[in-house]
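Overview (structure and organization)
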Amino acid sequence: MQATRAQTPDSPLRCARPSSWERWFNVAGLAAMHFGVVLALWMGARTIDVAIVAGLYLVRMFAITAGYHRYFAHRAFKTSRVFQFLLALIGTTATQKGPLWWAAIHRRHHRESDTPRDVHSPVQRGFWWSHMGWILANEHEEYEPSEVKDLWKYPELRWLDRWHVVPVLALLLGTLFIGGLRGLTWWYCVSTVLVMHGTFTINSLSHVWGHRRFATSDDSRNNPVLALITLGEGWHNNHHRYMHTANQGFYWWQVDISYYALKALSWVGVTWDLRKPPQRVLDEGRRGKPAPFVRVVAADELRAEPRSAAPEPKREPLLAPLPQPADAE
Ligand SMILES: [Zn+2]
Ligand SMILES: [Zn+2]
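These numbers were taken from a predicted model, which means no experiment stands behind them. (Residues numbered from 1 in each chain as written. Chains lettered and ligands numbered in written order. Predicted model: local features only at pLDDT ≥ 70, side-chain atom pairs only at ≥ 80, totals over all residues.)

**Here's the deal with the overall build of the protein**
For the protein, the helix and strand inventory stands at 13 helices and two strands. Residues counted as buried form 43% of the 329 residues belonging to the protein. Excluding contacts between residues fewer than 6 apart, the proportion of contacts in the protein whose partners are at least 24 apart in sequence is 68%. (Helix = DSSP H or I, 4+ residues; strand = E, 2+ residues; numbered from the N terminus. Buried ≥ 20, exposed ≤ 12 C-beta atoms within 10 Å, placed from the backbone. Contact = placed C-beta atoms within 7 Å.)

This is the structure we're talking about:
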């Protein structure tokens, strides 16, 4: 990554280009973590190990879903600068790089979802590519600071984004120091690998497996199983229809644990201005029959522009003006 102090959100420079040692470190680290899971299973688990894994999973999955995704990428609620930093700090320990990179890449996914230019489309490049191939291939390490202009102004976030490996190493060494080999393999490796693959299912399975309530211009799906695993992210078709909301489960029966936690935090003043979908979107989703898969451009159709002249569903702007009333756009 080449982020420098002189770089501004309008700079033509790109940042996040990793050095070759960083790339190999990423691949070797991923392989080592999976080896750690095998070792953990071979050693067997105690009750305390399962409890710690569950705790580390829930806290970090929340930091990714509520923090990296709903807050940093979509600005779906407001919070203090301290809690913002806390979400970013815990999110980095999930080994999914920094909050600015994550938000920039995810905003790009919404702009280009399931077109040939999509960063991680299973429709265009297959399941494994969308699940983790795109990360390992290092094709999308760079981002424009202008893509995250609203976040770039916080030096502490830029620092975390540049040095995202520091919290990862701190957690790794902490579990090793406190729990020894069992701490490293169970507490760190197993919980991190679960968070990682749980998050990745939203890029892969959530675009191929499930129900389409809304006719979006991508192949996003709603899936209750994935919603439970990811604390609410599995309502991905809802999310692609209207991305600015703190809740991704739009209806009472759509379980969304991240939203329940955000709501509880709002009662004690930690979060506020939680944004909800407008009534017209809710009504649109109640019409009953599954929405058709509107259109996805095949890879060999791509030339200069991925879209044809065919009418396409309306896309919401990536960053709607803030603040915004809870029930309006
Ligand atoms: Zn998606
Ligand atoms: Zn999103």
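**A look at the packing of helix H2 (residues 47-73) against helix H9 (residues 165-203)**
Where H2 meets H9, the closest approach of the two axes is 9 Å, and the angle between their N-to-C directions is 35 degrees. Crossing of H2 over H9 shows right-handed handedness. Listed contacts from H9 to Asp49, Ile52, Val53, Leu56, Tyr57, Arg60, Met61 and Ile64 of H2 are Arg182, Trp186, Trp187, Val190, Ser191, Leu194, Val195, Gly198 and Thr199. Residues that form the contact of H2 with H9 fall into these classes: 11 nonpolar, three polar and three charged. (Axes fitted to C-alpha atoms, helices over the stretch in contact; angles between N-to-C directions. Left-handed = near helix turned anticlockwise from the far one by under 90°. Nonpolar A, V, L, I, M, F, W, Y, C, P; charged D, E, K, R; others polar.)

**Considerations on helix H4 (residues 99-112)**
Relative to the 20 Å expected for 14 residues at 1.5 Å per residue, H4 spans 20 Å between its end C-alpha atoms, a close match to the ideal helical length. If you check which residues of H4 are buried, you get Pro99, Leu100, Trp101, Trp102, Ala103, Ala104, Ile105, His106 and His109. Where H4 is buried, its residues touch H2, helix H3 (81-92), helix H7 (149-152) and helix H8 (155-162). (Expected span 1.5 Å × (residues − 1).)

**Re the environment of Tyr259**
The topology assignment puts Tyr259 in helix H12 (residues 257-267). Taking the C-beta count within 10 Å as the criterion, Tyr259 has 25 such neighbours and is therefore assigned buried. Between the C-alpha atoms of Tyr259 and Asn247, which are 12 residues apart in sequence, the distance is 5.2 Å. Once you skip the residues sitting within four places of it in the chain, Tyr259 turns out to touch Gly232, Ala246, Asn247, Gln248 and Gly249.

**Considering the environment of Gly133**
Structurally, Gly133 can be placed in helix H6 (residues 127-136). Along the primary structure Gly133 and His120 are separated by 13 residues, whereas in three dimensions their C-alpha atoms are 8.5 Å apart.

**Some remarks on the environment of Ala215**
One can find Ala215 in the loop between H9 and helix H10 (224-229). Under the C-beta neighbour-count criterion, Ala215 is labelled partly exposed, with 17 such atoms within 10 Å. Remark: the alpha-carbon pair of Ala215 and Arg241, spanning 26 residues in sequence, is separated by 7.8 Å.

**Re the nonpolar core**
Judged by nonpolar contacts, the single largest core of 43 residues is most densely connected at Leu100 and Ala103. Residue assignment for this core shows that the elements contributing at least two residues are H2, H3, H4, H7, H8, H9 and H12. Element by element, the count of residues in this core is highest for H2, at 12 residues. (Core = buried A, V, L, I, M, F, W, Y, C linked by C-beta atoms within 7 Å.)

**Remarks on the packing of H2 against H4**
Contact geometry of H2 with H4 gives a least axis separation of 9 Å together with a crossing angle of 65 degrees. Two packed elements cross with a definite hand, and for H2 against H4 that hand is right-handed. On H4, the residues that touch Tyr68, His69, Phe72 and Ala73 of H2 are Pro99, Trp102, Ala103, His106 and Arg107. Along the lines of polarity and charge, the residues of the contact of H2 with H4 split into six nonpolar, two polar and one charged.

**Structural notes on unusual backbone geometry**
Despite not being glycine, Arg75 has its phi angle at roughly 50 degrees, a positive value. Considering the arrangement of structural elements, one finds Arg75 in the loop between H2 and strand E1 (78-79). The exposure class of Arg75 is buried, given the 21 C-beta atoms found within 10 Å. We note that Leu231 has phi near 60 degrees; this positive angle belongs to a residue other than glycine. Leu231 sits in the buried class, given 23 other C-beta atoms within 10 Å.

**Some remarks on H9**
When the terminal C-alpha atoms of H9 are compared, their 23 Å separation across 39 residues is substantially less than the 57 Å that a helix rising 1.5 Å per residue should span. Maximum bend of H9: about 145 degrees, positioned at Gly179. (Bend = angle between axes of the 7 residues up to and from the residue.)

**Looking at the confidence of the model for the protein**
Looking at the protein as a whole, its pLDDT mean stands at 83, while 81% of the residues score no less than 70. A low-confidence stretch, residues 1-7 (pLDDT under 50), is modelled with 14 contacts involving residues beyond four sequence positions or located in other chains. (pLDDT = per-residue confidence, 0-100.)

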